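Geometric and topological summary
Chain by chain, the residues run as shown.
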Amino acid sequence: MNLLLAAVGVLGVASSGPLIAATLGATSVSALAIAFWRNAIGAAVMAGPVLVRQPLQFARVTGTEFRWSLAAAIALALHFACFITSLQLTSVAAATALVCLQSGWIAIFQLFRGVRHRWPVLAGLGIAFGGVVAITGFDMGTSPDALLGDLLAVAGGALAGIYTLAGGKARQTMGTGVYTTLCYGMCAASVALMALFSRQPLAGFDAGGWLGILAITVCAQLVGHTAFNHLLATMSPLLVSMIILLEIPGAALLAAAFLAETLPAGTYGGLAMILVGLAVVVLGQRSSRSVRLNAARLAELGTD
């Protein structure tokens, strides 16, 4: 059963990039509309059980919890804006691999906060970001748009790291249902403001557009991350974090199969470097209790 859930989870999160790219390419749906509806629907789904069982939990949210949740929500909104826009400019495989660097960014942010990592973590970071250089280098020779898309995906990964760290602070005293409802709801509100200022529509799409939004929300948000949340109760966070990394090759395979996406051999080499580097980072942190907890939150608060 765990193997089946792991396969479903990987397929769910790996489908995010290809589904978003296909929806943006075939319909009039805007990038921010995908981010808005995905989070709005996610907030509604997560709020249901809490409102039925313990509705007073929302009234018990403290000012500190609210501020950390708001910080996480804003980072998540900016993450989605960067990542989804990047899928319009660069390949699905490159955008997914670059945005999945969030665990690497978390390790870097911890370095700036005085955390001393073991040498394998530093080596893994070097390998992963060497992959970034390889991908962006090949895209630089392809088109300026592809390079811009790569940079937006890298920024999206850094923002996902900030979201995870801020969410981890809030989750020290908050339940999953309350936190995700609050965070997703405020993220949707932030995206709505961004859409207002950038004049991107959030509604008025054809049936194909709405179907794409629903498929992205169900496959990635509800099915993919729900499967990983369940696995955290029966498997070690380290193993779950390693399984999540399969999103990188999974997205590349799905994009090749369904979107006929082909990339230079050097770009595939960069994807492999990122995958190996992040795996070394996760394994190198296996002895740290705080990192194990962060790994759990990374799966539980998954973004893409």
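Thresholds applied
- Along each chain, numbering runs from 1 in the same order as the chain's sequence is written.
- Only residues with pLDDT of at least 70 are given local features in this predicted model, and only at 80 or more are side-chain atom pairs given and counted; all residues enter the totals for whole chains, interfaces and linings.
- Heavy atoms throughout the structure, all of them, feed into the side-chain values; hydrogens and water do not.
- Under the scheme used here, helices are H or I runs from DSSP no shorter than 4 residues and strands are E runs no shorter than 2 residues, and both carry numbers assigned from the N terminus.
- Burial classification: accessible surface area is computed with a 1.4 Å probe over protein chains only, and a residue below 20% of its type maximum counts as buried, one above 50% as exposed, and the rest as partly exposed.
- Whether two residues touch is decided by their heavy atoms; if any such pair falls within 4.5 Å, the residues are in contact.
- Methods summary: accessible areas were calculated by the Shrake-Rupley approach with a probe of 1.4 Å, and residue burial reflects only the protein chains presented.
- We score Asp and Glu as negative and Lys and Arg as positive, and we do not count His or the chain ends.
- Where a charge lies is defined by one atom per residue type, namely NZ (Lys), CZ (Arg), CG (Asp) and CD (Glu).
- Pairing of aromatic side chains requires ring centres within 6.5 Å, counting the rings of Phe and Tyr and the six-membered ring of Trp. Pairs whose planes differ by under 30 degrees are stacked, by over 60 edge-to-face, and all others tilted.
- In plain words, nonpolar cores are sets of buried Ala, Val, Leu, Ile, Met, Phe, Trp, Tyr and Cys residues tied together by side-chain atoms within 4.5 Å.
- Every residue is assigned a pLDDT by the predictor, reflecting its confidence on a scale from 0 to 100.
- The definition used for a disulfide is geometric: two cysteine sulfur atoms within 2.5 Å.
- Think of a patch as exposed residues, more than 30% relative accessible area, with no salt bridge, where like charges cluster within 9 Å and nonpolar side chains (Val, Leu, Ile, Met, Phe, Trp, Tyr) cluster within 5 Å.
- In what follows, salt bridge is the name for a side-chain nitrogen of Lys or Arg lying within 4 Å of a carboxyl oxygen of Asp or Glu.
- To define axes, lines are fitted to C-alpha atoms, for helices over the stretch in contact only, and angles between the resulting N-to-C directions are given on a 0 to 180 degree scale.
- We call two directions roughly parallel when the angle between them is under 35 degrees, roughly antiparallel when it is over 145, roughly perpendicular when it lies between 65 and 115, and oblique otherwise.
- Definitions for this section: a left-handed crossing has its near helix turned counterclockwise from the far helix by less than a right angle. A right-handed crossing has that turn clockwise.

Some words on the overall build of the protein chain
A tally of helices and strands in the protein chain yields 14 helices and zero strands. Across the protein chain, helices and strands are ordered from the amino to the carboxyl terminus as α-α-α-α-α-α-α-α-α-α-α-α-α-α. Once the C-alpha set of the protein chain is aligned to its principal axes, its extents read approximately 55 × 50 × 40 Å. By residue count, 53% of the 304 residues in the protein chain fall in the buried class. Across the protein chain, every contact between residues at least 6 apart in sequence was considered, and the portion connecting residues at least 24 apart equals 85%. When the accessible surface of the protein chain is totalled, it reaches about 13,000 Å², and 71% of it is carbon and sulfur. Once the 14 positive and 9 negative side-chain charges of the protein chain are each reduced to a mean point, those two points are 21 Å apart.

Digging into the packing of aromatic side chains
Per the stated rule, a full pass over the model turns up five aromatic pairs. A ring pair is formed by Phe 36 and Trp 37, whose centres lie 4.9 Å apart and whose planes are at 80°; its orientation type is edge-to-face.

Brief notes about the nonpolar core
Counting 69 residues, the largest nonpolar core has Ile 20, Ile 34, Ile 84, Leu 98, Leu 101, Tyr 163 and Ile 274 as its most contacted members. No other element matches the ten residues that helix 9 (residues 176–198) contributes to this core. Filtering out sequence-adjacent residues up to four positions away, Leu 101 remains in contact with Ala 128, Phe 129, Val 132, Ile 274 and Leu 278.

Concerning unusual backbone geometry
With the exception of glycine, the majority of residues adopt a negative phi angle, and the majority of peptide bonds are in the trans configuration. Positive phi is not limited to glycine here, since Arg 199 has a value of about 60°. Overall, the relative accessible area of 77% leaves Arg 199 in the exposed class. In this structure, Ala 260 takes a positive phi of about 55° despite not being glycine. In this fold, Ala 260 is placed in the loop between helix 12 (247–258) and helix 13 (265–284).

Quick word on the confidence of the model for the protein chain
Averaged over all residues, the pLDDT of the protein chain is 87; the fraction at 70 or higher stands at 92%. Here helix 14 (residues 289–300) stands out as the element of the protein chain with the lowest mean pLDDT, 45, in contrast to helix 4 (residues 63–86), whose mean of 96 is the highest. Low pLDDT, under 50, characterises residues 289–301; the stretch is placed with 31 contacts to residues that sit more than four places away or in other chains.

Brief notes about the side chain of Thr 181
Mapped onto the secondary structure, Thr 181 falls in helix 9. When neighbours within four sequence positions are excluded, Thr 181 is seen to be in contact with Ala 43, Met 46, Ala 47 and Phe 58.

Some remarks on the state of the cysteines
Tallied over the full model, the rule gives zero disulfides. Cys 187 carries a free sulfur, and the closest cysteine sulfur to it, the one in Cys 183, is 6.4 Å from it. Here Cys 219 stays unpaired: no disulfide links it, and the sulfur of Cys 100, its closest cysteine neighbor, is 17 Å away. For Cys 219, a relative accessible area of 29% gives the class partly exposed.

Some thoughts on a nonpolar patch on the surface
Residues Met 1, Leu 4, Val 8, Leu 211, Leu 214, Val 218 and Val 223 make up a contiguous nonpolar surface patch of roughly 640 Å² in combined accessible area. At the level of elements, helix 1 (2–14) and helix 10 (207–231) are the ones that each hand at least two residues to the nonpolar patch. Looking at the element boundaries, Leu 211 is found in helix 10.

Considerations on the side chain of Ser 86
The residue Ser 86 is located in helix 4 in this model. Filtering out sequence-adjacent residues up to four positions away, Ser 86 remains in contact with Ala 95, Gly 149, Leu 152 and Ala 153.

So, the packing of helix 7 (residues 119–140) against helix 8 (residues 144–170)
As a packed pair, helix 7 and helix 8 sit with axes 8 Å apart at the nearest point and diverge in direction by 155°. Compared by their axis directions, helix 7 and helix 8 come out roughly antiparallel. Regarding helix 7 and helix 8, the two cross each other, and that crossing is left-handed. Contacts between helix 7 and helix 8 involve Val 132, Ile 135, Thr 136, Asp 139 and Met 140 on the former and, on the latter, Ala 146, Leu 147, Asp 150 and Val 154.

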